[in-house]
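Now for the letters of each chain:
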Amino acid sequence: LNDTQVGGLVCAAHIRNNLLNAPDISAVNEAEERIKDSVSDFRISDEICYDHIPEKMSRCAAFLRNKDGCTSLLSEINGIIENYPLSHKSLSDYFYDMDMLISAKALLEAILSEMPLTGSRGGSVFVDNGKTVEENTEYRNYLSITDENGILFQKVSPVPEYDRPFESYLNEINEREI
């Protein structure tokens, strides 16, 4: 999910920056006007700014994942999304920030549903009530899948113990399953 979130934000920034700097901006302006017409209550405002959200994400949900910080930030983000204003610096910023908020919400929900069970694992340390939660090694053989219904752990094939190219091991598994 971290790669997905970072990739999504990088893509959104690339699209926004390239569209806004495109040589023929008239098509973008026309599209923005058509969207504005469909969102008739939208208005331009410099007062709306969510630049603090990525900073807070870095403090509580990066390498060091703090349960209390994640819970607090998720509550803040849920409140913003629930009352998301129909005003922004521009329409592209409006959608960019909404995408960023939804991505942050998805990551925080995954952290808060998975890490109390799995503990510190992979590239992150999970902290609950000021104490590091040790890894629950039982979950090493499972893939976590999160959706609107919660989290599901699906057993995965074990990592081979011997030194062979991955493809030969994969072919061996595929032949057994056929």
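Given the structure is predicted, the values throughout are model-derived calculations rather than measurements. (Residues numbered from 1 in each chain as written. Predicted model: local features only at pLDDT ≥ 70, side-chain atom pairs only at ≥ 80, totals over all residues. Heavy atoms only, no water.)

1. Observations concerning the overall build of the chain
Counted only if it meets this: In DSSP terms, a helix is any run of H or I states spanning at least four residues, a strand is any run of E spanning at least two, and both are numbered starting from the N terminus. Working definition: with a 1.4 Å probe on protein chains only, accessible area under 20% of the residue-type maximum means buried, over 50% means exposed, and in between means partly exposed. Contacts are residue-level and defined by heavy atoms, with any inter-residue pair within 4.5 Å sufficient.
When its secondary structure is counted, the chain shows six helices and seven strands. Along the chain, helices (α) and strands (β) appear in the sequence α-α-β-α-β-α-β-α-β-β-β-β-α when read from the amino end. Within the chain, the proportion of its 178 residues that are buried is 27%. Taking contacts inside the chain between residues at least 6 apart in sequence as the whole, the part at least 24 apart equals 57%.

2. A word on the nonpolar core
How we decide: As used in this record, nonpolar core signifies buried Ala, Val, Leu, Ile, Met, Phe, Trp, Tyr and Cys residues forming a set joined through side-chain atoms within 4.5 Å.
Of all hydrophobic cores here, the largest spans 24 residues; its most connected members are I53, M57 and L108. Broken down by secondary-structure element, the contributors of at least two residues to this core are α3 (52–60), α4 (67–82) and α5 (91–118). With sequence-adjacent residues up to four places away left out, I53 is seen in contact with L73, E76, I77, I80, M100, L101 and A104.

3. Structural notes on the pattern of salt bridges
We count it as follows: What makes a salt bridge here is a side-chain nitrogen of Lys or Arg within 4 Å of a carboxyl oxygen of Asp or Glu, nothing more.
In this structure the tally under the stated criterion is five salt bridges. Put simply, K67 and D128 hold a salt bridge, and the shortest N to O gap is 3.8 Å. A residue pair is termed long-range when its members are at least 10 positions apart, and K67 in helix α4 and D128 in strand β4 (residues 125–128) qualify at 61 residues. The class of K67 is partly exposed, set by a relative accessible area of 28%. Here E114 ties to R121 by a salt bridge, and the two come within 3.5 Å at their closest N and O atoms. Judged by relative accessible area, which is 15%, E114 ranks as buried.

4. Structural notes on the packing of α3 against α4
Angle between the axes and distance between the axes: these two values describe a pair of packed helices. Short version of the rule: Angular values range over 0 to 180 degrees, each being the angle between N-to-C directions of two axes fitted as lines to C-alpha atoms, with helices fitted over their stretch in contact. Should an angle fall under 35 degrees it is taken as roughly parallel, and over 145 as roughly antiparallel, whereas 65 to 115 is taken as roughly perpendicular and any remaining angle as oblique. Note: crossing handedness is left-handed where the near helix turns anticlockwise from the far helix by less than a right angle, and right-handed where it turns clockwise. Residue polarity follows a fixed list, in which Ala, Val, Leu, Ile, Met, Phe, Trp, Tyr, Cys and Pro are nonpolar, Asp, Glu, Lys and Arg are charged, and the others, Gly among them, are polar.
Following both chains from N to C, one finds α3 and α4 inclined at 160°, their axes separated by 9 Å at the closest point. Classified by the angle between their axes, α3 and α4 sit roughly antiparallel to one another. Both α3 and α4 take part in a crossing whose hand is left-handed. Between α3 and α4, the contacting residues are H52, I53, K56, M57 and C60 on the first element and G69, C70, L73, E76, I77 and I80 on the second. Its residues assigned to classes, the contact of α3 with α4 shows seven nonpolar, two polar and two charged.

5. Concerning the pairing of β4
Under the convention used in this document: Strands are labelled as partners when DSSP assigns at least two bridges between them.
In this structure, strand β2 (residues 64–66) lies alongside β4, joined through three bridges in parallel fashion. Paired with L64 across the bridge in β4 is V125. Judged from the two bridges that link them, β4 and strand β5 (residues 131–132) form a sheet pairing that is antiparallel. Within the sheet, the bridge partner assigned to D128 lies in β5 and is K131. Turn length for the β4-β5 hairpin, with the two strands adjacent in sequence and antiparallel, is two residues, and the turn residue N129 shows positive phi of about 55°.

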